[in-house]
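Each chain, written out:
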Amino acid sequence: MSMNAVYKGAGDCPQVIPLFPLTGALLLPRGQMPLNIFEPRYLAMIDDAIRGDRVIGMIQPVPDDGRSPEIPPLLKVGCLGRITQFAETGDDRYIVTLTGISRFRVAEELSVATPYRQARVDYAPFARDFVARAGEEEVDRDGLLRALRDFAKVNDLKIDWKGVNEAPNEALVNALAMMCPFGPREKQALLEAESLRERAAVLVAITEIELARGGGDPDTTLQ
């Protein structure tokens, strides 16, 4: 694929991809994720990606069970992202922005010589991810906004309400899912939601649980 490649379906995406395991990180189709890359193995991964398809797979390790294995097991579902912004710093770091393409299911992690992990993946279960704004009309936008207002009020959050009100449903749901200060299990539930409507419903449910527990992170700004 060229640097201007357009990913219109599973057939356009590489079947073997580099993996970037990151706890609590949630990338969704057409969402944007900034990354600060500084570990040598992931600097090498970005170098290789830039020379190749410009894509990497974001995936979470299995939530901490009290052990710290050298190679932590990974969850089975992640999201492919394309490097759409890239900059080098003066202290040997890369500042990267990924734009989500599609979720994937790990079919097989490969034995590789690279310092970073790679896997063969399957995009077929997530064919709708390639269709922008699919299922927007099914989202309970009013319910989502009510939950957001309650969460913002309890936690004294700063909300860009103009941006919220102008955002189409897909952008709104996915941006809130990516930015809200939830734990790794909750983030994974949002990632694995079957449809945009289900993701919005999961987001509302998690928000209501957090409110019942007394709120979330009071220092978070959503914009």
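Residues numbered from 1 in each chain as written. Predicted model: local features only at pLDDT ≥ 70, side-chain atom pairs only at ≥ 80, totals over all residues. Heavy atoms only, no water.

Which parts of the structure should I look at to understand the overall build of the protein chain?
In terms of helices and strands, the protein chain carries six helices and eight strands. Over its C-alpha atoms the protein chain spans a radius of gyration of 18 Å, differing by no more than 12% from the 17 Å that the globule rule assigns to 223 residues. Taking the principal axes of its C-alpha atoms as reference, the protein chain extends roughly 50 × 40 × 35 Å. Sorting the 223 residues of the protein chain into buried and exposed places 48% on the buried side. Of the contacts formed within the protein chain by residues at least 6 apart in sequence, a portion of 69% connects residues at least 24 apart. Per element, the accessible surface of the protein chain, about 11,600 Å² overall, is 50% carbon and sulfur. A distance of 2 Å separates the average location of the 26 positive side-chain charges in the protein chain from that of its 33 negative side-chain charges. (Helix = DSSP H or I, 4+ residues; strand = E, 2+ residues; numbered from the N terminus. Rg over C-alpha atoms; globule rule 2.2 N^0.38 Å. Buried < 20%, exposed > 50% of the residue type's maximum accessible area, 1.4 Å probe, protein only. Contact = heavy atoms within 4.5 Å. Areas by Shrake-Rupley, 256 points an atom, 1.4 Å probe, with all protein chains shown as cover. Lys, Arg positive; Asp, Glu negative; His and termini not counted. Charge placed at Lys NZ, Arg CZ, Asp CG, Glu CD.)

Would you mind showing me how to read the pairing of strand 1 (residues 16-21) here?
For a regular strand, side chains alternate in direction, first toward one face of the sheet and then toward the other. For strand 1, the tally of buried residues reaches five of six residues, placing the bulk of the element in the interior. As paired elements, strand 1 and strand 6 (residues 118-122) share three bridges and run antiparallel to each other. Note that in strand 6 the partner of I17 across the bridge is A119. Examined bridge by bridge, strand 1 and strand 3 (residues 55-59) share three bridges and lie parallel to one another. Across the sheet, the residue bridging to F20 is M58, located in strand 3. (Pairing = 2+ DSSP bridges.)

Any chance you could explain the pattern of salt bridges here in plain terms?
Two side chains of opposite charge can pair, provided their charged atoms sit close to one another. Taken as a whole, this structure holds 10 salt bridges when the rule is applied. The salt bridge involving D48 is made with R51; its shortest N-O contact spans 2.5 Å. Remark: R51 and D48 occur in helix 1 (residues 40-51); sequence separation between them is three residues, near one turn of the helix. Judged by its relative accessible area of 65%, R51 is exposed. Ionic pairing is found between D129 and R103, a salt bridge with its closest N-O pair at 2.9 Å. One end of the pair, D129, is in the loop between strand 6 and helix 2 (141-155); the other, R103, is in strand 5 (residues 94-109), and 26 residues separate them in sequence. (Salt bridge = Lys/Arg side-chain N within 4 Å of Asp/Glu carboxyl O.)

How should I be thinking about the confidence of the model for the protein chain in this particular structure?
Fine structural detail should not be taken from predicted coordinates in areas where pLDDT scores are low. In the predicted model, the protein chain carries a mean pLDDT of 92, and the fraction of residues at 70 or more is 92%. Confidence over residues 217-223 falls short of pLDDT 50; this stretch has 21 contacts with residues more than four positions distant or in other chains. (pLDDT = per-residue confidence, 0-100.)

Can you help me understand the packing of helix 5 (residues 184-192) against helix 6 (residues 196-213) in this one?
Each pair of packed helices gets described by two things: the angle between the helix axes and the distance between those axes. For the pair helix 5 and helix 6, the least separation of the axes is 8 Å and the interaxial angle reads 160 degrees. Judged on the interaxial angle alone, helix 6 and helix 5 are roughly antiparallel. Read as a crossing pair, helix 5 and helix 6 show a hand that is right-handed. Judged by residue contacts, E186, A189, L190 and L191 of helix 5 engage R199, V202, L203 and I206 from helix 6. The residue makeup of the contact of helix 5 with helix 6, split by class, is six nonpolar, no polar and two charged. (Axes fitted to C-alpha atoms, helices over the stretch in contact; angles between N-to-C directions. Parallel < 35°, antiparallel > 145°, perpendicular 65-115°, else oblique. Left-handed = near helix turned anticlockwise from the far one by under 90°. Nonpolar A, V, L, I, M, F, W, Y, C, P; charged D, E, K, R; others polar.)

How should helix 2 be read in this particular structure?
Each turn of an α-helix holds 3.6 residues, which means side chains three or four residues apart point in the same direction. Relative to the 21 Å expected for 15 residues at 1.5 Å per residue, helix 2 spans 21 Å between its end C-alpha atoms, a close match to the ideal helical length. Buried within helix 2 we find R141, G143, L144, L145, A147, L148, F151, A152 and N155. Residue D156 follows helix 2 closely and has a positive phi angle near 55 degrees. (Expected span 1.5 Å × (residues − 1).)

What is the right way to look at the nonpolar core in this model?
Side chains of a nonpolar character, in soluble globular proteins, are inclined to be buried together. L35, I37, I56 and M58 are the most contacted members of the largest nonpolar core, which totals 48 residues. A per-element tally of this core places helix 2 first, with six residues. Ignoring sequence-local partners within four residues, the contact set of M58 consists of F20, L22, A25, L27, M33, L35, G78, C79, L98 and F104. With 15 residues, the next largest nonpolar core counts L80, V106, V121 and F130 among its residues. (Core = buried A, V, L, I, M, F, W, Y, C linked by side-chain atoms within 4.5 Å.)

Is there a simple way to explain the packing of aromatic side chains in this structure?
Two numbers describe a pair of aromatic rings. These are the distance of the centres and the angle of the planes. Tallied over the entire structure, the rule returns three aromatic pairs. Ring centres 4.9 Å apart and planes at 65 degrees place the aromatic pair F86 and Y94 in the edge-to-face group. Classification of F86 as partly exposed rests on a relative accessible area of 34%. Against the face of W161 rests R149, its NZ or CZ located 5.5 Å from the ring centre. (Phe/Tyr/Trp six-rings, centres within 6.5 Å; stacked < 30°, edge-to-face > 60°. Lys NZ or Arg CZ within 6 Å of the ring centre and 35° of its normal.)

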